[in-house]
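# A look at the structure
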Amino acid sequence: IAPPLTTDAAIEEDEKEKKSTKANNIVKTAVVCKAPIGFSNLGNTCYLNATIQCMLNVPAFVHEIQKNAENSKETSVTRALSEIVKQGENKESVTLTSLARVKSALECHFPSVFAGTNQQDAHECFVRILEALELEHPDSYECPFSFNVSVEMRCKNCKHKTLIEEGGNVDIGLDLPSSCPEELSIERLLTVRYFKAERIHKNCDGCGEKDVVHGLRRRLLTHPKALVIHLKRFVFHAPTTTTKTSS
């Protein structure tokens, strides 16, 4: 039996134990937090890498991939994404082979869009991945980004109200202004750009008047598990020119 420690010795021993525990915790934390940073490009495929990384950081989306992976074909987008999920869970670097499988699977669904290694649009890539998953699992896949919108149109003359429900939305697109004031936020953009009342001209379903002014308002009928905001940084000018906003 070891002799009892003196007060000073006990304090010194306690400090050593605390330092040891702290060091172990730092090591454990480092191991837990260690994760691959970034994906390697297959060419000009940063659009694909950025999109995949964003989507796989949404737990509800990862759940859908894992849920449907077992019943997927080897060449499917679902199976290719599940492989990347596994590599991430094991703290492994995502391989070029895995990324190539995702791209190849997308090419099978949309050959005219993703063939080759040219730069493509990240937002279109996001939408196409969701479409591919719907095609591969029409009965079991539940899109975590999907929501329904109600569009109300009211005739200025007779006050007749027309309601339309738009389903299958996966994002809200917001045009960035040419100049961005400091107080501008995503919330404000949603208010002044998407949910703001608008005026349109259409034939009235009530009074039958043609090309009459209607007030239009949108509101969400259902909420997605994860809301995707598409900030449009480029302005298209016919026929093929685009300019980038300073915002």
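So, a few notes on the structure that sits alongside this text. (Residues numbered from 1 in each chain as written. Predicted model: local features only at pLDDT ≥ 70, side-chain atom pairs only at ≥ 80, totals over all residues. Heavy atoms only, no water.)

### Observations regarding the packing of aromatic side chains
Here the structure, examined in full by the defined rule, presents four aromatic pairs. Between Phe61 and Phe145, the aromatic rings sit 5.8 Å apart at their centres with planes inclined by 35 degrees, giving tilted as the arrangement. With Phe61 in helix α3 (residues 59-69) and Phe145 in the loop between α7 (122-136) and β1 (147-155), the pair connects residues that are 84 residues apart, well separated along the chain. Here Phe61 falls in the buried class, since its relative accessible area comes to 0%. The buried category is assigned to Phe145, whose relative accessible area is 2%. Among the aromatic residues, ring-to-ring pairing joins Phe61, Phe126 and Phe145 into one connected group. Just above the ring of Phe110 sits the side chain of Arg128; from NZ or CZ to the centre is 4.8 Å. Positioned over the ring face of Tyr194 is Arg218, at 5.4 Å from the centre of the ring. (Phe/Tyr/Trp six-rings, centres within 6.5 Å; stacked < 30°, edge-to-face > 60°. Helix = DSSP H or I, 4+ residues; strand = E, 2+ residues; numbered from the N terminus. Buried < 20%, exposed > 50% of the residue type's maximum accessible area, 1.4 Å probe, protein only. Lys NZ or Arg CZ within 6 Å of the ring centre and 35° of its normal.)

### What about the environment of Val170?
Tracing the chain through its elements places Val170 in the loop between β2 (161-169) and β3 (172-175). Distance from Val170 to Cys143, taken between C-alpha atoms, is 8.2 Å for residues 27 residues apart in sequence.

### A few points about the nonpolar core
Within the largest apolar cluster, 34 residues are counted, with the highest numbers of intra-cluster contacts made by Ile52, Phe61, Leu106, Ile129, Leu130 and Phe145. Listing elements by their share of this core, those giving two or more residues are α2 (46-55), α3, α4 (77-89), α5 (96-109), α6 (111-114) and α7. Top element by residues in this core is α7. It accounts for six residues. Residues Val151, Met153, Ile172 and Leu189 belong to the second largest nonpolar core, which totals 11 residues. (Core = buried A, V, L, I, M, F, W, Y, C linked by side-chain atoms within 4.5 Å.)

### Digging into the sheet that holds strand β4 (residues 198-202)
Sheet architecture is open: four strands sit in the order β2-β1-β5-β4, paired in antiparallel fashion. One side of each edge strand has no neighbouring strand; the edge strands of this open sheet are β2 and β4. Pairwise comparison of adjacent strand axes, ignoring direction, gives a mean angle of 30 degrees for this sheet. In this sheet, strand β5 (residues 212-220) lies alongside β4 in antiparallel orientation, the contact comprising five bridges. Along β5, the bridge assignment pairs Arg199 with Gly215. (Pairing = 2+ DSSP bridges. Axes fitted to C-alpha atoms, helices over the stretch in contact; angles between N-to-C directions.)

### Examining the pairing of β1
Burial within β1 is extensive, with seven of its nine residues counted as buried. In terms of strand pairing, β1 meets β2 through seven bridges, oriented antiparallel. Bridge pairing in β2 links Glu152 to Leu163.

### With respect to unusual backbone geometry
Despite not being glycine, Lys159 shows a phi value in the positive range, around 65 degrees. Within the element layout of this structure, Lys159 appears in the loop between β1 and β2. The phi angle at Asp211 is positive, at roughly 50 degrees, despite the residue not being glycine. Here Asp211 shows up in the loop between β4 and β5.

### Some thoughts on the pattern of salt bridges
For the structure on display, the rule yields 11 salt bridges. Taking the shortest distance from any N to any O, the salt bridge between Lys67 and Glu142 comes out at 4.0 Å. Within this pair, whereas Lys67 is found in helix α3, its partner Glu142 is found in the loop between α7 and β1, the two being separated by 75 residues in sequence. Close ionic contact of Glu107 with Lys103 constitutes a salt bridge, the shortest N to O distance being 2.6 Å. Separated by four residues within a single helix, Glu107 and Lys103 lie in helix α5, roughly one turn from each other. (Salt bridge = Lys/Arg side-chain N within 4 Å of Asp/Glu carboxyl O.)

Don't take any of this as a statement about function, it's just geometry.
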